[in-house]
Amino acid sequence: MLILNKTVRVFSKPSKRKIYEFLGSFTFHPGKPFLHKLVLGIETSCDDTAAAVVDETGNVLGEAIHSQTEVHLKTGGIIPPVAQRLHRENIQQIVQEALCASRVSPSELSAIATTIKPGLALSLGVGLSYSLQLVDQLKKPFIPIHHMEAHALTIRLTNNVEFPFLVLLISGGHCLLALVQGVSDFLLLGKSLDIAPGDMFDKVARRLCLRKHPECSTMSGGKAIEHLAKQGNKLHFDLKPPMQHARNCDFSFSGLQNVADKIIKQKEKEEGTETGQILSSAADIAAAVQHTTACHIARRTHRAVLFCQQRGLLPQTNAVLVASGGVASNLYIRKALEIVTSVTQCTLLCPPPRLCTDNGVMIAWNGIERLRAGLGVLHNTEGIRYEPKCPLGVDISKEVGEAAIKVPRLKMKI
């Protein structure tokens, strides 16, 4: 955790002259009426540089994103200093593109919202440093954004969802279940005790060398696993979902990754395949890992729904489960969740795939939500911090575990 004055020293920032030139490049529209609040959202929590302008009715007026996926695919994973450099090189251009597309001049903005937690320290620092300069030059309010809160509330941009609702956030860096009672009002029911599902998929994909597979060479690890799994037999390998005897809503994926690694080693030995070659059973391994992951996620989510229903934390009718984050775009996992919502008489809602991954729209929309609620809108940014690690809401996972709710076994016919 670094305070602002340390941030400014560590992270190089554009000169004031460049900021002035940037602001001066916009055409002002004094006669153009903007009747709604307008927020610029800036996202640099991991490996994508993104920005967007959103109004309070949910219209996305302009957005832009620079993906670092190709660079990190070549290195086999995200290297924080590389991500930092790419953010520095692209942030001003991305913000300018979003503003230009929106036809909104910076002076017409109601506030600037930026991800400050959680995420990669080097990446967060670039976004925060740049945003604070912009705030200073424009004399606009600053809205610090919790990345996971933004993912959770994105559904309210695309659907008419009232509080409370249950959210499952699954991505490359996070995995958690929470009850969303209001803007910035969360009850954490469970979280991953080790790695996130997206991280596990990436590691299994790297171990299977799927970058060398002709159909998967340009895909992220998670996308490669999902694509290849369609061609495989999910029951060929006997993988057991983790934590079957723990009656809580926590997750674990490192054990599954270790089992997959052992299977790959064994198959390499059987097939006489050197490390770095594609196994003939790669599709079966991908299918088994994906299926086991889906079953694990579905079972923990099922328990979370039952807990909330028993405690009266969700509406008796029209209860909503939201699945968001990059892994929520996995259609196989969505189908597993649909089985859960069917038996619990809930509705499953997912943001469109482009809003499941990190983006500027969700940050701007979170800014709108906070602006309307009057929560966390800062007119003085002195001492503002970024936080690489940060919990979400009030943790009641111990209470969930003590309830020890038995979940009926479901037939996962996907």
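A brief structural summary. In this text, all values refer to a predicted model and were calculated from it rather than measured experimentally.

Turning next to the sheet that holds strand β6 (residues 165-170). The 6 strands are arranged β10-β9-β6-β7-β8-β11 in an open sheet whose pairing can be described as mixed. With partners counted over all chains shown, the strands left at the sheet margins are β10 (347-349) and β11 (394-395), one partner each. In this sheet, strand β7 (residues 175-182) lies alongside β6 in antiparallel orientation, the contact comprising 6 bridges. Looking across to β7, one finds that I170 is bridged to C175. In the packing of helix α11 (residues 282-310) onto the sheet, the strands contacted are β6, β7, β8 (185-191) and β9 (320-324), and the crossing angle to β6 comes to about 160°.

The next point concerns the side chain of S131. As for its position among the elements, S131 is in helix α5 (residues 121-138). Side-chain polar atoms of S131 contact the backbone oxygen of G127, separated by 2.7 Å. Leave out the neighbours within four places in its chain, and S131 touches I42, I112, T114 and F142.

Below, the discussion takes up the nonpolar core. Grouped together as the largest cluster of nonpolar side chains are 67 residues, with contacts concentrated most on L189 and L208. Per element, the largest residue contribution to this core is 16 residues, and it comes from α11. With residues near it in sequence (within four places) discarded, L189 still touches L166, L177, A178, L179, C249, A304, F307, C308, I396, S397 and V400. Formed by 26 residues, the second largest nonpolar core is a distinct cluster that contains I42, I112, Y130 and L132.

Side chains that are three or four residues apart share a direction in an α-helix, a result of its 3.6 residues per turn. Over its 18 residues, helix α10 (residues 254-271) extends 26 Å from the first C-alpha to the last, a length consistent with the 26 Å expected when each residue adds 1.5 Å. Next to the buried residues of α10 lie α8 (197-207) and α11. Where α10 ends, the next residue or the one after it, G272, has phi of about 65°, a positive value.

Turning our attention to the packing of aromatic side chains. For the coordinates displayed, the defined rule picks out 2 aromatic pairs. Centroid distance F163 to F165: 5.9 Å. Interplanar angle 10°. Geometry classified as stacked. For F163, a relative accessible area of 26% gives the class partly exposed. Ring centres of F251 and F253 lie 6.2 Å apart, and the angle between their planes is 10°; this geometry places the pair in the stacked category. As far as burial versus exposure is concerned, F251 and F253 are alike and both buried.

Note on pairing: side chains with opposite charge can pair once their charged atoms come close. The final tally for this structure, using the stated rule, is 14 salt bridges. The residue R311 makes a salt bridge to E399 at a minimum N-O spacing of 2.6 Å. Of the two residues, R311 is situated in the loop between α11 and β9 and E399 in helix α15 (residues 397-403); the sequence distance between them amounts to 88 residues. The partly exposed category is assigned to R311, whose relative accessible area is 42%. Accessibility expressed as a relative area gives 35% for E399, which makes it partly exposed.

A few words on the sheet that holds strand β4 (residues 111-117). The 5 strands lie next to each other as β3-β2-β1-β4-β5, forming an open sheet whose pairing is mixed. The open sheet has two free edges, formed respectively by β3 (60-67) and β5 (142-146), since each of these has just one partner strand. Strand-to-strand twist in this sheet, taken as the mean axis angle between neighbours without regard to direction, amounts to 20°. The pairing of strand β1 (residues 38-43) with β4 spans 4 bridges and is classified as parallel. Residue pairing across strands places G41 opposite A113, the latter belonging to β4. Against the sheet, helix α4 (residues 80-102) engages β1, β2 (48-55) and β3, with an angle of about 25° to β2.

Scoring rules and cut-offs
Residues numbered from 1 in each chain as written. Predicted model: local features only at pLDDT ≥ 70, side-chain atom pairs only at ≥ 80, totals over all residues. Heavy atoms only, no water. Pairing = 2+ DSSP bridges. Helix = DSSP H or I, 4+ residues; strand = E, 2+ residues; numbered from the N terminus. Contact = heavy atoms within 4.5 Å. Axes fitted to C-alpha atoms, helices over the stretch in contact; angles between N-to-C directions. Polar contact = N/O pair within 3.5 Å; in protein donor to acceptor, adjacent residues only side chain to side chain. Core = buried A, V, L, I, M, F, W, Y, C linked by side-chain atoms within 4.5 Å. Buried < 20%, exposed > 50% of the residue type's maximum accessible area, 1.4 Å probe, protein only. Expected span 1.5 Å × (residues − 1). Phe/Tyr/Trp six-rings, centres within 6.5 Å; stacked < 30°, edge-to-face > 60°. Salt bridge = Lys/Arg side-chain N within 4 Å of Asp/Glu carboxyl O.

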